[in-house]
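Overview (structure and organization)
Here is how the chains run, residue by residue.
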Amino acid sequence: MGLDKEAAARLADARLAEWRRVGYGEWCAMLGDKDVRQVVGEDGKRYSVVSYALDDGEGRVRMSVAVDDGDWSAFVPLVRDEIMEPNGTFVE
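The structure contained in this document is the topic of the report that follows. These figures come from a predicted structure and were not determined experimentally. (Residues numbered from 1 in each chain as written. Predicted model: local features only at pLDDT ≥ 70, side-chain atom pairs only at ≥ 80, totals over all residues. Heavy atoms only, no water.)

Points about the nonpolar core
Basically, it comes down to this: For this analysis, a nonpolar core means a set of buried residues of the types Ala, Val, Leu, Ile, Met, Phe, Trp, Tyr and Cys, connected via side-chain atoms within 4.5 Å. With a 1.4 Å probe rolled over the protein chains alone, any residue whose accessible area is under 20% of its type maximum counts as buried; one over 50% counts as exposed, and the rest are partly exposed. Secondary structure elements follow DSSP: runs of H or I no shorter than four residues count as helices, runs of E no shorter than two count as strands, and numbering proceeds from the N terminus. Whether two residues are in contact is decided by their heavy atoms, any of which lying within 4.5 Å being enough.
Formed by 20 residues in total, the largest nonpolar core has its most connected members in Ala8, Trp27, Tyr47, Met63, Val65, Val67 and Leu78. Where this core is concerned, the elements lending two or more residues are helix H1 (5-20), strand S2 (46-57), strand S3 (60-68) and strand S4 (78-84). The greatest single-element share of this core, amounting to seven residues, is contributed by H1. Not counting residues within four places of it along the chain, the set of residues in contact with Trp27 comprises Trp19, Arg20, Val22, Ala53, Val61, Met63, Glu82, Ile83, Met84 and Phe90.

Shown next, in the form of structure tokens:
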């Protein structure tokens, strides 16, 4: 059937919204680590939602969220990301 990209995007966007509510220090604390959650989407399917932070250079931190449904999408998950500057603002 394939990944429901709309459902996966909603899950990724919701996770990024959670990350937007915390500060730069919490984003830096995630560097080199990842958060893995199993979530049931609106469509009733189980999804893996993986959050991880990367050094984006010059003090910026990129928070990426990858979502897959455990099928073929595990090889090419849907990915959304945000970048935070050291002063706590987001790169648009």
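There is more to say after this.
Section: the packing of aromatic side chains
Going by this rule: Pairing of aromatic rings covers Phe, Tyr and Trp, the last counted by its six-membered ring, and requires centre-to-centre distances within 6.5 Å; plane angles under 30 degrees mean stacked, over 60 mean edge-to-face, and any other angle means tilted. Charge over a ring is defined by NZ of Lys or CZ of Arg lying within 6 Å of the ring centre and within 35 degrees of the ring normal.
Inspection of every chain in the model, using the stated rule, returns two aromatic pairs. For the pair Trp72 and Phe75, a centre-to-centre distance of 5.6 Å together with 40° between the ring planes defines the contact as tilted. Phe75 matches Trp72 in its accessibility class, with the two residues each being exposed. The aromatic ring of Phe90 is capped on one face by Arg20, whose charged end is 3.9 Å from the ring centroid.

What to know about H1
This is how it is decided: Each helix should span, by expectation, one fewer than its residue count multiplied by 1.5 Å. We call two N or O atoms a polar contact when they sit within 3.5 Å, provided that within protein one can donate a hydrogen and the other can accept it, with sequence-adjacent residues counted only if both atoms are side-chain atoms.
The terminal C-alpha atoms of H1 lie 22 Å apart, and with 16 residues this matches the ideal 22 Å at 1.5 Å per residue to within 8%. What H1 keeps buried is the set Ala7, Ala8, Ala9, Leu11, Ala12, Arg15, Leu16 and Trp19. Where H1 is buried, its residues touch helix H2 (24-29), strand S1 (34-40), S2, S3 and S4. The residue sitting at the N-terminus of H1 and contributing the capping side-chain oxygen is Asp4; that oxygen lies 3.2 Å from the backbone nitrogen of Glu6.

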